[in-house]
Protein chains: 2
Amino acid sequence: MTDNKKIILTGDRPTGPLHLGHYVGSLQNRIKLQNEYNQYIIIADVQALTDYFDNPEKVRKNVIEIAFDYLAVGLDPNVNTIFIQSLIPEIAELTIYFLNLVTVSRLERNPTVKDEIKQKGFERSLPAGFFVYPVSQAADIAIFKANLVPVGEDQLPMIEQANEIIRKFNSTYKTDILVEAKPLISEVSRLPGIDGKAKMSKSLGNAIYLSDSEEEVAKKVMSMYTDPNHIRAEEPGNIEGNTVFTYLDAFGKDKEAIRKMKDQYRVGGLGDVKVKKYLNEVLEELLGPIREKRKEFSKDPAEVMNILKRGTKIAKENAEKTMSEVRREIKLDYF
Amino acid sequence: MTDNKKIILTGDRPTGPLHLGHYVGSLQNRIKLQNEYNQYIIIADVQALTDYFDNPEKVRKNVIEIAFDYLAVGLDPNVNTIFIQSLIPEIAELTIYFLNLVTVSRLERNPTVKDEIKQKGFERSLPAGFFVYPVSQAADIAIFKANLVPVGEDQLPMIEQANEIIRKFNSTYKTDILVEAKPLISEVSRLPGIDGKAKMSKSLGNAIYLSDSEEEVAKKVMSMYTDPNHIRAEEPGNIEGNTVFTYLDAFGKDKEAIRKMKDQYRVGGLGDVKVKKYLNEVLEELLGPIREKRKEFSKDPAEVMNILKRGTKIAKENAEKTMSEVRREIKLDYF
């Protein structure tokens, strides 16, 4: 938590354990950035409840699962501030003041929210909490004065929305206490599910979890989508859209070996089972140590909760600092 | 703050000093109820900011003005809990969880909000904070477990909305920790402005303030709307819609004298000036002592802020208690 480092805000909604898609899309990047930046990693249980308000047990359970995942992949709680959103009520407080700075029609135009409303089939019965969650996200970003927020392309409108609110706050109260955030766009393209569908996700049932056992991973790899027309090993096969090769590109370290396998697959003479076995080895090389570390941490959940407690304390202190500045600007610093 | 008393939640938005309309419509009633009930009186600065987010100085200034008014009319800070809304961030926190329990289309149908949107000319540029303020009000009510909320007829939909959310919370989380509130409908009809318009209000410029000087009151009374066709004292005049008589009915103690004046006014021989002078005496009897007490309190604003500080401390302790119950029900009681 040394200073002069730029601040990153990142995190996950605790709605399920993390999978290889998270690893490729964000965890890997966080590990890379953790020493260079002051990284706030939010376990966004309040946001998860906008979807799962009627299933809080699910959210509660996944908070610690995600913490296990974080620690297992090597996110260091001594250089990152890992914390639980609901324990920072200052975010709720700032959200309430931010709600005055955005119009209903602006929220209706938010493309990310529009998409998600459609995806989740909310339409007529859209919970107000879901409708205003971009404002809560703006509060997450603003309260920690994040300079950078890692996002996928589809999340860019959320950052724009947050910055609009931050600018409106600063201009309304003639101040510069809040800081606009820049998006840090992930270079890695999205990892497809094992069924070849565009996105690995819990709801699609096509994910390999960081917490999967060796047997589960092997079984999932063996069932992966390849080239449906590549029936016999001797025949030529397609690399494009072949999930096994997409994964090898994402996780394999021996690029030369992979290039050779691709060549052979294209001309014929390399069977899917052989490639899958190789991918399984590659994944095990990554997941094996993660699984071991995860097992260690799972043995002592109380200690992991202590880690979250310490991170939450630091996050809360910083949130309090920003909120006391915000209150001063809105003239609510009575006593 | 003794127990077993039913809990009332009431209060005002600090957007201007209180006037005779407030006195008749609510203050009088609060004084009557203050010993029988455990009365929480909220100075709703957060709600005031949904309208005046770009003028926080106005809100800030009126917080203490309203406190002067409360104390001057005889609201006893030792039996009432008088507090400042923004200093109870637990309300914001509960609001965020309540937002998950109400749909956007339900908020759009709220008749009180619909009316106010029209009145304030918001329409297209409706701030989200204003749109969701019924949810914040539900949180105000729920967090103090209010049994009764004094309201005018036009505010009934707000109580219904709050109770819907409270029921939804209890049924979703299979609990009974939150308590539905009953409306306590004011028996007194609304006091018209001195111009005879239906409502005394700051924005219409037709109000007599509790903080007005003797001269200001006299001047306002002399300018009051009477019977526009009653030009000469000798001629008969109308009582109906005659604001001076409406005020006499509301504030005069000598009902017999007022009855006689009405009779004489109806048949002719009683001039407006004479009735107004009498009304001025009647109002002075009420306002004189209030003015004196107000002057005393204004001399020591620090002490008045201390009174608010003490009330706020009690309110916060109770809000914290409810929020820790709420967090337990939503499974967010991690540590």
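Given the structure is predicted, the values throughout are model-derived calculations rather than measurements.

Visitor: Mind showing me how you'd approach the relation of the copies chain A and chain B here?
Guide: Each of the two chain copies can be generated from the other by rotation about an axis followed by a shift along it. Relative to chain B, chain A is turned by 180 degrees and slid 0.0 Å along the rotation axis, the superposed coordinates differing by an RMSD of 0.0 Å. On the angle and the small slide along the axis, the relation comes out as a two-fold axis. By C-alpha distance to the rotation axis, the residue of chain A lying nearest is Ala92 of chain A, at 2.8 Å. Comparing contact sets, 100% of the residues at the interface of chain A also lie at the interface in chain B, consistent with an isologous, same-surface contact.

Visitor: Mind showing me how you'd approach the pairing of strand β4 (residues 148-151) of chain A here?
Guide: Residues in a regular strand point their side chains to alternate faces of the sheet. Residues and elements named next belong to chain A. As defined by bridge partners, β4 adjoins strand β5 (residues 182-185) across 4 bridges and the pair is classed as parallel. Within β5, the residue paired with Pro150 across the bridge is Leu184. Read as a crossover between parallel neighbours, the route from β4 over helix α9 (residues 156-172) to β5 is right-handed.

Visitor: Looking at this structure, how should I read the environment of Val282 of chain B?
Guide: Residue and element names in this part refer to chain B. Mapping Val282 onto the fold places it in helix α13 (residues 272-299). Sequence separation of Val282 and Asp254 is 28 residues, and the distance between their C-alpha atoms is 9.4 Å. Residues in contact with Val282, not counting those within four places in the same chain, are Leu248, Phe251 and Gly252.

Visitor: What am I meant to see in unusual backbone geometry here?
Guide: As a rule of thumb, non-glycine residues mostly have phi less than zero, and peptide bonds are mostly trans rather than cis. Positive phi is not limited to glycine here, since Lys174 of chain A has a value of about 45 degrees. One non-glycine residue with positive phi stands out, namely Lys331 of chain B, at about 60 degrees. By the element assignment, Lys331 of chain B lies in the segment after α14 (301-329).

Visitor: How do you make sense of the packing of helix α4 (residues 89-99) of chain A against helix α14 (residues 301-329) of chain A when you look at a structure like this?
Guide: Describing two packed helices takes the angle between their axes plus the distance from one axis to the other. Residue and element names in this part refer to chain A. The contact between α4 and α14 brings their axes to 9 Å, and the two run at 30 degrees. In terms of orientation, α4 and α14 fall into the roughly parallel class. Between α4 and α14 lies a crossing of left-handed hand. For the pair formed by α4 and α14, the contact residues are Pro89, Glu90, Glu93, Leu94 and Tyr97 on the first element and Lys316, Ala319, Glu320, Met323, Val326 and Arg327 on the second.

Visitor: It is not clear to me how the side chain of Asn80 of chain A should be interpreted in this structure. Could you clarify?
Guide: Residues and elements named next belong to chain A. Inspection of the secondary structure puts Asn80 in strand β3 (residues 80-84). On the basis of relative accessibility, which here comes to 2%, the residue Asn80 falls in the buried class. A polar contact is formed between the side chain of Asn80 and the side chain of Gln34, at a distance of 2.7 Å.

Visitor: Would you explain the packing of aromatic side chains in this entry?
Guide: For any pair of aromatic rings, the description rests on two quantities: the centre-to-centre distance and the angle between the ring planes. Scanning all chains against the criterion turns up 18 aromatic pairs over all chains. Geometrically, the ring pair formed by Tyr40 of chain B and Phe144 of chain B is stacked, given 4.6 Å between the ring centres and 25 degrees between the ring planes. Within this pair, whereas Tyr40 of chain B is found in strand β2 (residues 38-43), its partner Phe144 of chain B is found in the loop between α8 (133-143) and β4 (148-151), the two being separated by 104 residues in sequence. Side by side, Tyr40 of chain B and Phe144 of chain B carry an identical accessibility label, which is buried. For the pair Tyr334 of chain B and Phe335 of chain B, a centre-to-centre distance of 6.5 Å together with 55 degrees between the ring planes defines the contact as tilted. You can call Tyr334 of chain B buried: its relative accessible area is 9%. Grouped by ring-pair contacts, the aromatic residues Tyr40, Phe83 and Phe144 of chain A constitute a single cluster.

Visitor: Which parts of the structure should I look at to understand the nonpolar core?
Guide: As a rule of thumb, nonpolar side chains are buried together in soluble globular proteins. Counting residues in each nonpolar core, the largest one holds 221 residues, and the members touching the most others are Leu20 and Phe98 of chain A together with Leu20 and Phe98 of chain B. Not counting residues within four places of it along the chain, the set of residues in contact with Phe98 of chain A comprises Val135, Ala138, Ala139, Ala142, Ile165, Phe169 and Leu178 of chain A.

Visitor: Where do I start with the domain arrangement of chain A in this structure?
Guide: Interfaces are often sized by the accessible area lost when the parts come together. Residues and elements named next belong to chain A. Domains assigned within chain A are domain 1 (7-191 + 301-329) and domain 2 (214-294). Using only C-alpha atoms to locate each centre, domain 1 and domain 2 end up separated by 35 Å. Facing the 11 residues of domain 1 at the interface are 9 residues of domain 2. If you sort the residues of domain 1 by the area they bury against domain 2, Leu20, Ala72 and Leu191 come out on top, with a joint share of 54%. The tally of links from domain 1 across to domain 2 stands at 2 salt bridges. Note that Glu65 is salt-bridged to Arg294, the shortest N-O span being 2.8 Å. In this structure, the connection of domain 1 to domain 2 is made through 2 residue pairs in polar contact (both at pLDDT 80 or more).

Visitor: Even after reading the chapter, I still don't get the confidence of the model for chain A, so can you show me in this structure?
Guide: For residues with low pLDDT, the predicted coordinates do not support detailed interpretation. Confidence in the prediction for chain A averages 94 pLDDT; 98% of positions are at 70 or higher. For this predicted complex, the interface score ipTM comes out at 0.93, alongside a pTM of 0.94.

Visitor: Would you mind going over the interface of chain A and chain B with me for this structure?
Guide: With 51 residues of chain A at the contact, the number on the chain B side is 51 residues. Of the roughly 4400 Å² buried between chain A and chain B on both sides combined, carbon and sulfur atoms contribute 70%. Of all residues in chain A, Asn100, Tyr334 and Phe335 of chain A bury the most surface against chain B, accounting for 18% of the area lost on that side. Connecting chain A to chain B are 4 salt bridges. With a closest N to O distance of 4.0 Å, Lys331 of chain A and Glu57 of chain B form a salt bridge. When residues of the side of chain A that touches chain B are traced back to their parent elements, those giving at least two are α2 (45-52), α3 (56-73), α4, α5 (104-109), α7 (128-131), α9 and α14 of chain A. Per element, the largest residue contribution to the side of chain A that touches chain B is 7 residues, and it comes from α4 of chain A. Residues belonging to the side of chain A that touches chain B are distributed by class as follows: 29 nonpolar, 10 polar and 12 charged.

Here is what the cut-offs are and how they apply
Residues numbered from 1 in each chain as written. Chains lettered and ligands numbered in written order. Predicted model: local features only at pLDDT ≥ 70, side-chain atom pairs only at ≥ 80, totals over all residues. Heavy atoms only, no water. Least-squares fit on C-alpha atoms with pLDDT ≥ 70 in both. Contact = heavy atoms within 4.5 Å. Pairing = 2+ DSSP bridges. Helix = DSSP H or I, 4+ residues; strand = E, 2+ residues; numbered from the N terminus. Right-handed = clockwise from strand over helix to strand, strands pointing away. Axes fitted to C-alpha atoms, helices over the stretch in contact; angles between N-to-C directions. Parallel < 35°, antiparallel > 145°, perpendicular 65-115°, else oblique. Left-handed = near helix turned anticlockwise from the far one by under 90°. Buried < 20%, exposed > 50% of the residue type's maximum accessible area, 1.4 Å probe, protein only. Polar contact = N/O pair within 3.5 Å; in protein donor to acceptor, adjacent residues only side chain to side chain. Phe/Tyr/Trp six-rings, centres within 6.5 Å; stacked < 30°, edge-to-face > 60°. Core = buried A, V, L, I, M, F, W, Y, C linked by side-chain atoms within 4.5 Å. Domains from an automatic or database assignment. Buried area = accessible area lost by both parts, 1.4 Å probe. Salt bridge = Lys/Arg side-chain N within 4 Å of Asp/Glu carboxyl O. pLDDT = per-residue confidence, 0-100. Nonpolar A, V, L, I, M, F, W, Y, C, P; charged D, E, K, R; others polar.

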